[in-house]
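# Examining the three-dimensional arrangement
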Amino acid sequence: MEVAVPVRITSPLERMRRAHAEMAAASADFLEAIWDCDDQRLWRRDGASSLTSWLAARFDATKSTAAEWVRAGHALRELPLLFTAYRSGRLSWDKLRPLVRFVTPETEPLWARRAPRLRPATLWQEAERHRRVRAKDEADARRQRFLSTWWDEDRMLCLSAALPAEEGAAVEAALSRRAEEVPPDPEADAPGEARMADALVELVASPAGHRGPDAVLVVHADAAVLAGKESQDGPWLAETEGGQRLTADAVRRLACDASIEWVLESDGRPVGIGRHGRKVPGPLLRVLRHRDGGTCRFPGCERTRWLNAHHLVHWGDGGPTNLDNLVTLCHFHHQLIHEGGWTITGHPAHELRSMTPRAPR
């Protein structure tokens, strides 16, 4: 009688493939078991406050990891095609995580076909486009902005800063543009970062009036955003070239008067590209500043720095770029109107009045 001898797998690659398939199936079983745990409220029997904290304690995981398990487990219950693809190993965990953030039962057939061929980074970008940036997020970011400096023991000035998305993107664009003109220093410990440091010093220390080519902030936006007709269903296209998400109101504010390169899209296809959007031309801007006295026209504000030209009726709504439709506003009040819901009434050549936004119901 012959006894079958198991074949020993000697190829490391074959062992990895086999182990990966087993891991995928085991992970799918684990996520499926999460459904049952939640249905039976097993976590309550142990006195846990939530399924997430219970999983973290049970399996020595961080709360963020446990939260990802719960999100995936709940989502896959409604997404059988993705669940099957994940169990078979055609979808990795790094692809599944972004997918469960935006795929719906209606869009699942499309993404079940596409996702296996796409990189995880591409799926994360798609997930970001489906995450709507709300005014509250923008307001929170502005409250958290800071710039601090201190000297270390080696007499080196250290800086730390955090800026909201569009302001951070503008600073990054200016530094990157100037860094391209800075000769590399082969003796620097980190040549790339050293060039950025030199660019910052040049921007700060350059004599007044001496400027190189303007840095351009590139913004991708759906054409409907500028018309104030943004869809209520994702994906929402309003982002800088680097992928930093912007609110629709922030996009309309930037479009008011800024050195922006616009890439307007509709149904995923570019429908227009413009270098400066509706930037107020120099001669008109000089007349505007003279009429408004070089100050912010928001009632009660007399700031004289960081002024923007504001269209009372946005040009995306058909408002003209002329003196009767323009006022100068400081950056704070320009943002207050676009993102804060405030309005200005009256004639710009005479008296202006501000109106506070109605309280939310």
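See the structure shown above.
Read on for a plain summary of the structure. (Residues numbered from 1 in each chain as written. Predicted model: local features only at pLDDT ≥ 70, side-chain atom pairs only at ≥ 80, totals over all residues. Heavy atoms only, no water.)

## Some remarks on unusual backbone geometry
Of note in this structure, Arg 41 is not a glycine but carries a positive phi near 50 degrees. On the secondary structure map, Arg 41 appears in the loop between α1 (12-39) and α2 (42-45). The backbone of Asp 60 sits at a positive phi, close to 50 degrees, despite the residue not being glycine. Position of Asp 60 among the secondary structure elements: in the loop between α3 (51-58) and α4 (63-76). (Helix = DSSP H or I, 4+ residues; strand = E, 2+ residues; numbered from the N terminus.)

## A few points about the pattern of salt bridges
Summed over all chains, the structure comprises eleven salt bridges. Where Arg 17 meets Glu 14, a salt bridge forms, and the shortest distance between an N and an O atom there is 3.9 Å. Pair noted here: Arg 17 and Glu 14 are both in helix α1, with a separation of three residues, about one helical turn. For Arg 17, a relative accessible area of 53% gives the class exposed. Since its relative accessible area comes to 36%, Glu 14 is described here as partly exposed. Across the pair Asp 292 and Arg 297 runs a salt bridge, and its minimum N-O distance is 2.6 Å. Residues joined by salt bridges that share partners form a network here, namely Asp 29, Glu 32 and Arg 87. (Salt bridge = Lys/Arg side-chain N within 4 Å of Asp/Glu carboxyl O. Buried < 20%, exposed > 50% of the residue type's maximum accessible area, 1.4 Å probe, protein only.)

## So, the side chain of Thr 328
Here Thr 328 lies in strand β8 (residues 326-330). By relative accessible area, which is 2% here, Thr 328 ends up buried. Ignoring sequence-local partners within four residues, the contact set of Thr 328 consists of Leu 288, Arg 289, Asp 292, Thr 295, Cys 296, Arg 297 and Asn 308. (Contact = heavy atoms within 4.5 Å.)

## Observations concerning the packing of aromatic side chains
Enumeration over the complete set of coordinates arrives at seven aromatic pairs. Judged by centre distance (4.9 Å) and plane angle (75 degrees), the ring pair of Phe 30 and Trp 69 falls under edge-to-face. In this pair, Phe 30 sits in helix α1 while Trp 69 sits in helix α4, placing the two residues 39 residues apart along the sequence. Judged by its relative accessible area of 26%, Phe 30 is partly exposed. Ring centres of Trp 35 and Phe 83 lie 5.5 Å apart, and the angle between their planes is 45 degrees; on these two criteria the pair is classed as tilted. Here Trp 35, found in helix α1, pairs with Phe 83, found in helix α5 (residues 80-87); they are 48 residues apart in sequence, far enough to count as distant. With respect to burial, Trp 35 and Phe 83 carry one shared label: buried. (Phe/Tyr/Trp six-rings, centres within 6.5 Å; stacked < 30°, edge-to-face > 60°.)

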